[in-house]
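The residues making up each chain are set out below.
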Amino acid sequence: MNAAADVRELAKSFRQLIWRAREVDLLRVPDRLAAMRDAGMFLSSLQRHGVEPLEAVPEATDALLAWGLSVDMVPRDTVLHYSVWNPPGKRQRMFLGDRQESVLIDAARVSTLLIDEIAPTLAGLAELRPSDTAFGEICHAAADQLETLPEVMNDVYRNVDPVKFYAARLGPFMTDVVVADRQFYGPAPMHVPLYLIDRLVWSSDHADADLKYFHHDLVKYGLPQWRRLFEYTAGASSLVTRLAREFERPTGPPATRVADAMDGVIRIMNALVTFRTKHSLLAGGAYTDTSLYSTATAGVSPGLLDHILTLTRERARYARSRRTGTRS
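This is a predicted model, so every value here is computed, not measured.

Enquirer: Tell me what's going on with the packing of helix α10 (residues 194-203) against helix α12 (residues 224-232), and back it up with residues and numbers.
Expert: The N-to-C vectors of α10 and α12 enclose an angle of 25 degrees; their axes lie 10 Å apart at closest approach. Here α10 is positioned roughly parallel relative to α12, judged by the angle of their axes. α10 and α12 meet at a crossing whose hand is left-handed. Listed contacts from α12 to Tyr195, Leu196, Arg199 and Leu200 of α10 are Trp226, Leu229 and Phe230. Of the residues in the contact of α10 with α12, the class split is six nonpolar, no polar and one charged.

Enquirer: Please set out the packing of helix α1 (residues 7-23) against helix α4 (residues 60-70) residue by residue, giving values where relevant.
Expert: Here α1 crosses α4 at 55 degrees, and the two axes come no closer than 10 Å. Between α1 and α4, the angle falls in the class oblique. Both α1 and α4 take part in a crossing whose hand is left-handed. Mapping the contact onto sequence places Phe14, Ile18 and Ala21 in α1 and Ala60, Ala63 and Trp67 in α4.

Enquirer: Residue-level account of the confidence of the model for the chain, with values.
Expert: For the chain, per-residue confidence averages 93 on the pLDDT scale, and 95% of positions sit at 70 or higher. Per-residue pLDDT stays below 50 along residues 289-294; that stretch engages in 16 contacts with residues further than four places along the chain or on separate chains.

Enquirer: If you had to explain empty space enclosed by the protein to someone new, which residues and values would you point to?
Expert: For the structure on display, the rule yields three cavities of 30 Å³ or more. There is about 440 Å³ of room inside the largest cavity. At the level of elements, α6 (99-123), α8 (149-159), α10, α11 (209-218), α14 (256-286) and α15 (302-324) are the ones that each hand at least two residues to the lining of the largest cavity. Counting residues per element, the lining of the largest cavity draws most heavily on α14, at seven residues.

Enquirer: Give a description of the nonpolar core that names residues and reports values.
Expert: Phe14, Trp67, Leu122, Ile197 and Val201 are the most contacted members of the largest nonpolar core, which has 106 residues in total. The greatest single-element share of this core, amounting to 13 residues, is contributed by α14. Ignoring any residue separated from it by four or fewer positions in sequence, one finds valine 201 in contact with Leu122, Ser238, Leu239, Val240, Val265, Ile268 and Met269.

Enquirer: How would you explain the side chain of glutamine 47 if you had to name every residue and give the values?
Expert: With respect to the helices and strands, the residue glutamine 47 is situated in helix α2 (residues 29-48). The contact partners of glutamine 47, leaving out residues within four places of it in the chain, are Glu52, Pro53, Thr175, Asp176 and Val177.

Enquirer: Talk me through the pattern of salt bridges; I want residue IDs and the actual numbers.
Expert: For side chains bearing opposite charge, pairing can occur when the charged atoms are close. Per the stated rule, a full pass over the model turns up 17 salt bridges. A salt bridge links arginine 227 to aspartate 72; the shortest N-O distance between them is 3.0 Å. Of the two residues, arginine 227 sits in helix α12 while aspartate 72 sits in the loop between α4 and α5 (79-82), which places them 155 residues apart along the sequence. A relative accessible area of 17% means that arginine 227 is categorised as buried. You can call aspartate 72 partly exposed: its relative accessible area is 42%. The partner of arginine 276 in a salt bridge is aspartate 198, with the nearest N and O atoms 2.4 Å apart. In this pair, arginine 276 sits in helix α14 while aspartate 198 sits in helix α10, placing the two residues 78 residues apart along the sequence. Here the two residues arginine 276 and aspartate 198 agree in accessibility, since each one is buried.

Enquirer: With reference to specific residues and values, describe unusual backbone geometry.
Expert: As a rule of thumb, non-glycine residues mostly have phi less than zero, and peptide bonds are mostly trans rather than cis. The phi dihedral of alanine 5 is positive, around 50 degrees, even though this residue is not glycine. Turning to its location among the elements, alanine 5 is positioned in the segment before α1. The exposure class assigned to alanine 5 is partly exposed, which follows from its relative accessible area of 42%. Despite not being glycine, aspartate 72 shows a phi value in the positive range, around 60 degrees.

Analysis parameters
- Residues numbered from 1 in each chain as written.
- Predicted model: local features only at pLDDT ≥ 70, side-chain atom pairs only at ≥ 80, totals over all residues.
- Heavy atoms only, no water.
- Axes fitted to C-alpha atoms, helices over the stretch in contact; angles between N-to-C directions.
- Helix = DSSP H or I, 4+ residues; strand = E, 2+ residues; numbered from the N terminus.
- Parallel < 35°, antiparallel > 145°, perpendicular 65-115°, else oblique.
- Left-handed = near helix turned anticlockwise from the far one by under 90°.
- Contact = heavy atoms within 4.5 Å.
- Nonpolar A, V, L, I, M, F, W, Y, C, P; charged D, E, K, R; others polar.
- pLDDT = per-residue confidence, 0-100.
- 1 Å grid on protein atoms, 1.4 Å probe; cavity = no way out; pocket = protein on both sides within 12 Å on 5 of 7 lines; lining within 4 Å.
- Points joined across faces, edges and corners; volume = space filled by probe spheres on them.
- Core = buried A, V, L, I, M, F, W, Y, C linked by side-chain atoms within 4.5 Å.
- Buried < 20%, exposed > 50% of the residue type's maximum accessible area, 1.4 Å probe, protein only.
- Salt bridge = Lys/Arg side-chain N within 4 Å of Asp/Glu carboxyl O.

What follows is the structure, encoded as structure tokens:
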């Protein structure tokens with residue numbers, strides 16, 4: 001249907017999906033998430049072809065609102081629906097059916113699951129002292145996992161054409177959709193919740209106005225527990241700050257365990273910088289407009305990605321300088 005730009009058939013199939021959903025009881029949360037995922041494919045497809053989807057199929061509005069409310073999420077599909085809650089293989093939902101789209105879905109799936117596992121563990125460090133043995137062990141374990149993110153981005157970089165495929169073909173499916181008079185972003189792969197790791201590791205106390213706006217804008221599209229974690233860490237000292245203080249004490253160098261913990265955090269920062277460098281190159285290849293808030297895909301522009309990369313590099317440099325005593 002998308003290949004033929006068959007708007008009439010898209011609207012018809014969307015309407016039939018909504019009717020079928022009314023005939024069954026979606027009692028389980030996974031059923032409602034799956035319904036939202038499939039409805040989202042039609043939302044984005046109609047929008048991509050120039051049709052406001054809920055004007056074409058107005059009866060879908062109540063269903064979207066109900067499904068979103070029942071799981072405490074926005075009333076449309078997100079990167080979670082498009083990746084984690086999208087079955088791999090023959091049943092995988094895709095807009096285009098292209099291998100490059102499958103690579104992007106898999107990258108978002110792997111990255112999101114990884115971050116969802118690591119973030120609560122890092123948040124638990126608030127209950128430990130930097131000198132505790134477990135503190136450093138957790139930092140290094142998280143670094144081991146997060147160092148796979150650059151590998152994921154390398155796979156995307158090698159297999160996805162940023163201009164001919166992403167910008168020209170897939171990106172138009174990620175535009176905003178209006179639900180009940182409010183605009184909501186599309187399920188862009190770049191909405192992977194890396195902001196949770198940023199928040200915990202370095203940005204909770206060192207985010208500028210642009211980064212704060214971006215994070216608060218994006219966290220609305222995540223899981224309820226992600227939003228709670230994000231709110232809980234507001235104003236808290238980041239891991240970089242907590243460990244840097246240990247190196248600034250007048251009593252002399254910190255314990256070996258603290259130095260080991262800082263080494264783990266530096267490894268995390270290096271992984272974030274490497275990941276974001278590749279990501280910025282990919283986005284820069286897809287779009288030429290680099291003004292900070294001009295929208296490329298789902299509220300994220302290359303200029304914004306470059307800005308976040310700069311901030312991440314600065315905090316990584318700061319962490320290294322405290323560890324070595326150079327204070328650069």
